[in-house]
Amino acid sequence: VTDPSGLSDDELVESWAVVTQGFQHTQSLLGLDVDAVLGLAPSWFEVLLRLLRAPEHRMPMNRIADDVTMTSGGFTKLADRMVEAGLLRRTPSTNDRRVTYLELTDEGVRVAERAMAEHVSSLRARVLAALSEEGIVSLAKTMRDLRNANSAYHQRLADKQ
Amino acid sequence: MTDEDLITSWSLVVEGFTRTQDRVLRAIEETGVPGHWFEALHLLLRTENHRLPMSRLARDLSMTGGGLTKLADRMAREGLIDRRSAEADRRIVYAALTEKGIEVARTTARLYRSALREHVLGVLDQQRLAELTRLMRVLIEAHASAMPPTEEQIAIQRDPSLPDRRVRDRTSV
């Protein structure tokens, strides 16, 4: 089957298979780099990275769960384990008691910073070296458009503006 | 490129891919077939004779051997795949689609195609998709030789002054 865009079903499937493989393979190598040095599972690293970049190192729980695309039940378990490990603490919001925030502890900041430094050097070695700056800029722009079109959260943001 | 720009760029790649893949697989999940089952079914559907060695399937799905074994157990219980050893080499175990597996794979593959048209091609035009594919191919080729290290190698490289906080999420798929 061909549509006016001229791309057949098979070509479309093949293209997305390449995107999937390229993404998953690279992401798993990047995760292994951080895991190998710090013993930090990729899902933990993802949470630490987001909080490290958030103002005051804190974010509402449901917002992080949404960002890391986990179910709220799955994310609660992950957050529990990270709290037990001393990396995060839960704090209530000052204006809305129903909202719970997750915040990095001092130990959490320290581990997150080390993980971030490792992540940057593996991004340079594995992604920047392969694609060059121009390639990464193009990749990020395309992926931003896909994210904005396919994420309910980002669509709500766009609707508000 | 600054550290910050590099991190932001890759975060966008992660979010863009994850959101889009979730959205596309949701169309399939609505029929009762979990997304990661579909990925395995679809891979087998596109392979000659609809069968692949288990080790190859694990690699192509970016899963651990243990994770794939569990997934294959469940899919075999539903009658979607068969597992059998190769006649030439009994150590190699193949996963093959059953008749029912082929049927489910074909039905869900049709949904997958229309979801890709809507959520990928509907957002990017053909030219931008081609450029995205080209860049991803460069990444695949750059990393072709970098096979994931074994558990033993990870254990040796780990900084012993830090506690082991690893949680093997993927093995519980």
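Note that the coordinates shown come from a computational prediction; the quantities given were computed from them, not determined experimentally.

Rules used in this analysis
Residues numbered from 1 in each chain as written. Chains lettered and ligands numbered in written order. Predicted model: local features only at pLDDT ≥ 70, side-chain atom pairs only at ≥ 80, totals over all residues. Heavy atoms only, no water. Helix = DSSP H or I, 4+ residues; strand = E, 2+ residues; numbered from the N terminus. Buried < 20%, exposed > 50% of the residue type's maximum accessible area, 1.4 Å probe, protein only. Contact = heavy atoms within 4.5 Å. Areas by Shrake-Rupley, 256 points an atom, 1.4 Å probe, with all protein chains shown as cover. Expected span 1.5 Å × (residues − 1). Arc of directions from axis to C-beta. Core = buried A, V, L, I, M, F, W, Y, C linked by side-chain atoms within 4.5 Å. Salt bridge = Lys/Arg side-chain N within 4 Å of Asp/Glu carboxyl O. Polar contact = N/O pair within 3.5 Å; in protein donor to acceptor, adjacent residues only side chain to side chain.

Asks: Could you clarify how one ought to interpret the overall build of chain B in this entry?
Replies: Counting its regular elements, chain B contains seven helices and three strands. For chain B, the sequential pattern of α-helices and β-strands runs α-α-β-α-α-β-β-α-α-α. Taken over 173 residues, chain B has a buried fraction of 43%. Considering only residue pairs separated by 6 or more positions, chain B has 54% of its internal contacts joining residues 24 or more positions apart. As presented, chain B carries roughly 9,300 Å² of accessible surface, and 49% of it is formed by carbon and sulfur atoms.

Asks: Explain the environment of B:Gln21 to me, please; I cannot follow it from the model alone.
Replies: Examined against the element boundaries, B:Gln21 turns out to sit in helix α1 (residues 3-29). Put simply, B:Gln21 and B:Arg56 are 35 residues apart on the chain and 22 Å apart in space, counted from C-alpha to C-alpha. Excluding residues that lie within four positions of it along the chain, B:Gln21 makes contacts with A:Trp16, A:Thr20 and B:Glu39.

Asks: Help me understand helix α4 (residues 72-84) of chain A, please; the structure alone is not making it clear to me.
Replies: A turn of α-helix holds 3.6 residues, and therefore any two residues three or four places apart point the same way. All names here are of chain A. Its 13 residues give α4 an end-to-end C-alpha distance of 18 Å, which sits within 8% of 18 Å, the value for a rise of 1.5 Å per residue. When α4 is considered as a whole, its buried residues turn out to be Phe 75, Leu 78, Ala 79 and Met 82. End-on, the buried residues of α4 take up no more than an arc of 100°, which puts them together on one face. Set apart from the buried face of α4 by more than 90 degrees, the exposed residues are Lys 77 and Glu 84.

Asks: For this particular structure, what's the right way to read the nonpolar core?
Replies: For soluble globular proteins, nonpolar side chains are generally found buried alongside one another. A:Phe75, B:Trp10, B:Leu132 and B:Met136 are the most contacted members of the largest nonpolar core, which totals 94 residues. Take this core: its biggest share by element is 14 residues, from helix α5 (residues 106-150) of chain A. Excluding residues that lie within four positions of it along the chain, B:Met136 makes contacts with A:Val18, A:Val19, A:Gly22, A:Phe23, A:Leu139, A:Met143 and B:Val13.

Asks: What exactly am I supposed to notice about the pattern of salt bridges here?
Replies: One pass over the full model with this rule turns up 19 salt bridges over all chains. The partner of B:Arg83 in a salt bridge is B:Asp73, and the shortest N-O contact between them spans 2.9 Å. Here B:Arg83, found in strand β2 (residues 81-85), pairs with B:Asp73, found in helix α4 (residues 65-77); they are ten residues apart in sequence, far enough to count as distant. Judged by its relative accessible area of 34%, B:Arg83 falls in the partly exposed class. When salt bridges that share partners are traced, they join A:Glu46, A:Arg50, A:Arg147 and B:Glu15 into one network.

Asks: Whenever I open this one, the interface of chain B and chain A confuses me. Can you help?
Replies: Residue-level contacts link 65 residues of chain B with 78 residues of chain A. Our count for the contact surface shared by chain B and chain A stands at seven salt bridges. In this structure, the salt-bridge partner of B:Glu4 is A:Arg53, at a minimum N-O distance of 3.1 Å. Taken together, the links from chain B to chain A amount to 19 residue pairs in polar contact (both at pLDDT 80 or more). When contributions to the side of chain B that touches chain A are tallied by element, the ones reaching two or more residues are α1, α2 (35-45), α5 (99-121), α6 (126-142) and α7 (151-157) of chain B.

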